[in-house]
Amino acid sequence: MKDIFQNDSEIVSAIKSGGLHRNNAISFIYKNQKTFSRVKHFISSWKGNSQDAEDIWIESILVLDRKIRNDEYDGGNIYGFVFGISKGLWRNKLKKSNKMDLVEEPALMDSVDENDPEQLFQTNERIAVLKKMLEELGEECQKILNLWKLNYKMKEIAEMLNLSSDNMAKKKKHQCLQKLKEKAKFFKSQL
Amino acid sequence: MEIPHPNTEKYLKNLLSPSEKIAFEKLMNEHPQLAEDVTNEKLALEAIDLLIADELRATLKNTPREEPKLIPLKKSNFRKWSIAASFLILIAAASYVFTSQQDLDSEQFAHNNIVLVEEDIATRGDDSSLEIHATRKEFVQAQLLFQQGKYQEALKLYQSVYDSNDLSPEDKDIADWNIIMCHLKLKSVAEAKTLLQELIKDQNHYYFDQSRLLLDKL
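Residues numbered from 1 in each chain as written. Chains lettered and ligands numbered in written order. Predicted model: local features only at pLDDT ≥ 70, side-chain atom pairs only at ≥ 80, totals over all residues. Heavy atoms only, no water.

Undergrad: I'd like a rundown of the interface of chain A and chain B, residues and numbers included.
TA: At the junction of the two partners, chain A supplies 43 residues and chain B supplies 34 residues. Carbon and sulfur atoms make up 61% of the area that chain A and chain B hide from each other, which totals about 3700 Å². Put simply, chain A and chain B have eight salt bridges between them. Among the elements of the structure, α2 (19-30), α3 (33-45), α4 (50-69), α8 (124-137), α9 (139-149) and α11 (166-187) of chain A are those that each provide at least two residues to the side of chain A that touches chain B. It is α4(A) that provides the largest number of residues to the side of chain A that touches chain B, a total of 10 residues. (Contact = heavy atoms within 4.5 Å. Buried area = accessible area lost by both parts, 1.4 Å probe. Salt bridge = Lys/Arg side-chain N within 4 Å of Asp/Glu carboxyl O. Helix = DSSP H or I, 4+ residues; strand = E, 2+ residues; numbered from the N terminus.)

Undergrad: How would you explain the packing of aromatic side chains if you had to name every residue and give the values?
TA: Using the criterion set out here, one finds eight aromatic pairs over all chains in the structure. Ring centres of A:Phe42 and A:Phe83 lie 6.3 Å apart, and the angle between their planes is 80°; this geometry places the pair in the edge-to-face category. Within this pair, whereas A:Phe42 is found in helix α3, its partner A:Phe83 is found in helix α5 (residues 78-97), the two being separated by 41 residues in sequence. The exposure class assigned to A:Phe83 is buried, which follows from its relative accessible area of 11%. With a centroid separation of 5.1 Å and an interplanar angle of 15°, the aromatic rings of B:Trp177 and B:Tyr207 are classed as stacked. Pair noted here: B:Trp177 is in helix α10 (residues 169-185) and B:Tyr207 is in the loop between α11 (189-199) and α12 (208-217), with a separation of 30 residues, a long-range link. No difference in accessibility class separates B:Trp177 from B:Tyr207, as the two residues are buried. Directly above the ring of A:Phe83 sits A:Arg38, whose terminal nitrogen or CZ lies 3.9 Å from the centroid. (Phe/Tyr/Trp six-rings, centres within 6.5 Å; stacked < 30°, edge-to-face > 60°. Buried < 20%, exposed > 50% of the residue type's maximum accessible area, 1.4 Å probe, protein only. Lys NZ or Arg CZ within 6 Å of the ring centre and 35° of its normal.)

Right, here's the structure in full:
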């Protein structure tokens, strides 16, 4: 199993493959000290501390993971992308906490990428509704859909969740997705 | 329950070709039920992504970050190497002294060089073929006697099994060597020498090299 990646395309394909390949690729990015140091330096320059840097670094990797899995990542340098996301998220956080008047801080504004942090992350209200949908779905369905979305094979899902066969896993996944769509139908008016 | 359109998932994952995408969007315009189904599935997938993000966030928060390693100064490296080298010199010197003493003490040499085979027998203890190989049992018995310090009895038994011609060539070589060890323990150095000289006539003997070395030291 690969745990050292030579280039960005290897990382992207590992994340898309899912399972342990994805875990290793994400761990590899997370441990990239060089980019993390840049993020840390940037955040400490804009009223943040080490913990803020760590939180933003993780959130940026989550965005990258989601974008790659959903085929929304359009190539380019992965670490440059993560750094750009980090800056955008930190800008958004400062804006929300009113720690800084962004208009008066052109340097920070210049460093923000075109990606709008509002687009990158859901609002708290939206997250609350989505979490309610998941709660009502039940634990087993959450596990099945989680594994399915991470591209685990039906056979692997069956083994991991002690289901009798891969056909049973497929059937359960279909039922759970339908159930979640029903919840979405009900809850979407609250969004 | 609605039956999902086969292209819904591909549409949401941007996996449709441009022409397929246009066709699917046209279909959604014509069928509001399909459009609603796609919206619901999109929201469902967004919820699953939230689940995945929560899980990954928790994992990363528990993943240790490797701090940059500090390279020690050359001065401290030199000190470490000096200590290591001193230890090596001490070990080499002690080894030399120990070997020299061993050369002079033929009894101790015999004690240290008796060839152990009880482990071999123990692993084959359940083997019924051992009943047939009574000779080998005696051979092991001889070794036990040697370990108990009963060298005379051990020698007798070794010679007995040796003369029976039931031993395998490997065991025969071991018996040759152990008989010599018994003589050394019994201070029959001359006898040991004679046997060693006999042994080195066979260059294919397993203990040929050791025998030559031992002869030089005696």
